[in-house]
Amino acid sequence: SSDLCIIAMYTQDPVLLEWLKEGIDMHTFWAAYVYDVPESEITEEVRSRTKNNFVFALFYGAGINRVATGMGIPYAVARRKVAGFWNVLKGVKRWQDNLVAKYEANGYVEMELGFRRPAPIDYNQLINTPIQGTAYHRLLRAAINIERRLHGLGLHSHGVAEIHDELLIDCKESELEQVYDIVVDEMIDQQPKSDPIRLAISASIGTNWWEQVKYER
């Protein structure tokens, strides 16, 4: 996901960087850790729950109560599991602590390209802003450039919506390959070459949102 790539960029956490480079499924790994079961026993539902209520929850600044509730585990267990998570990903925790210190000193939190969000904001917003703010600005720049290129080439395809880290495009079938190349080119172009993890771009096509299949050139 783009958020994981951005977290890796900001934090330079060596463990997170290695996992992303090696393609390790960290959500399954942490699900097995939280519930004390082998990774082979982790279902898609449990993996998704862990992704949202443990991994990303902690990356975005959630506390132990949120983890305990979301994962359905006692508070004492959640506290121990959260401590273990941060013991592995020390670089991410260090970045969060430094972010808080800078915010308290400067009165704002800063994103990529110098965008700033001023006080007052709560802790979760503070941690979340550089990650999702950067992801949003990258996607927005890509969407603007894509629309300009589609229009400039006289194509009938056009952008419809931005959905988190995805773009929805109304594409004529005869323009599919051309539009795909433009979208991939612009999405990749918005990621600085200095980013340690390159973002993988994927596409799906269909006549509606619920009937999509993966598209590959």
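Everything numeric here is computed off the predicted structure, so don't read it as measured data.

Student: For this particular structure, what's the right way to read the environment of His-27?
Tutor: With respect to the helices and strands, His-27 occurs in helix H3 (residues 26-35). The buried category is assigned to His-27, whose relative accessible area is 6%. The sequence separation of His-27 and Asp-170 amounts to 143 residues, and the corresponding C-alpha distance is 32 Å. Aside from chain neighbours lying at most four places away, what touches His-27 is Arg-47, Thr-50, Lys-51, Val-55 and Phe-56.

Student: Whenever I open this one, the side chain of Gln-191 confuses me. Can you help?
Tutor: Note on placement: Gln-191 falls in the loop between helix H9 (176-189) and strand S5 (203-206). Here the side chain of Gln-191 touches Ile-197 through a polar contact of 2.6 Å, landing on its backbone oxygen. Setting aside chain neighbours within four positions, we find Gln-191 in contact with Cys-5, Arg-138, Ile-197, Arg-198 and Leu-199.

Student: Please clarify how the nonpolar core should be interpreted in this entry.
Tutor: Across soluble globular proteins, you tend to see nonpolar side chains buried next to one another. Ranked by internal contacts, the top residues of the largest apolar core, which has 40 residues, are Leu-16, Trp-30, Phe-54, Phe-59 and Phe-85. Counting only elements with at least two residues in this core, the list comes to helix H1 (2-11), helix H2 (14-22), H3, helix H4 (44-59), helix H5 (64-71), helix H6 (75-88), helix H7 (90-106) and helix H8 (123-152). The element that contributes the greatest number of residues to this core is H1, accounting for six residues. If near-sequence neighbours (up to four positions away) are discounted, Leu-16 is found in contact with Leu-4, Ile-7, Ala-8, Thr-11, Met-26, Phe-59, Leu-89 and Val-92. Counting residues in each nonpolar core, the second largest holds nine residues, with Leu-139, Ala-142, Ile-146 and Val-183 among its members.

Student: Can you walk me through the packing of H1 against H2 in this structure?
Tutor: A packed helix pair is summarised by two numbers, namely the angle formed by the two axes and the spacing between the axes. Closest axis-to-axis distance for the H1/H2 pair is 9 Å, and the angle between their directions is 140°. The chirality of how H1 crosses H2 is left-handed. Within the contact between the two elements, H1 uses Leu-4, Ile-7, Ala-8 and Thr-11 and H2 uses Leu-16, Leu-17 and Leu-20.

Rules used in this analysis
- Here the residue numbering is sequential within each chain, running from 1 through the sequence in written order.
- Since the coordinates come from a predicted model, pLDDT governs what is reported: local features require at least 70, and pairs of side-chain atoms require 80 or more to be given and counted, while whole-chain, interface and lining totals use all residues.
- Side-chain numbers here rest on the full set of heavy atoms in the structure, without hydrogens or water.
- Runs of E in the DSSP output that reach at least two residues are strands. Runs of H or I that reach at least four are helices, and both are numbered from the N terminus.
- Any residue under 20% of the maximum accessible area for its type is buried, any over 50% is exposed, and the rest in between are partly exposed; the area is computed with a 1.4 Å probe on protein chains only.
- By the convention used here, residues are in contact when the closest approach between their heavy atoms is within 4.5 Å.
- We define a polar contact as two N or O atoms separated by no more than 3.5 Å, with the added condition that, inside protein, one atom must be a possible hydrogen donor and the other a possible acceptor, whereas residues neighbouring each other in sequence contribute only through side-chain atom pairs.
- The definition of a nonpolar core used throughout is a set of buried Ala, Val, Leu, Ile, Met, Phe, Trp, Tyr and Cys residues joined through side-chain atoms within 4.5 Å.
- In this analysis, axes come from line fits to C-alpha atoms, helices being fitted only over the stretch in contact, and the angle between any two N-to-C directions falls in the range 0 to 180 degrees.
- By convention the crossing between two helices is left-handed if the near helix lies anticlockwise of the far one by an angle smaller than a right angle, and right-handed if it lies clockwise.

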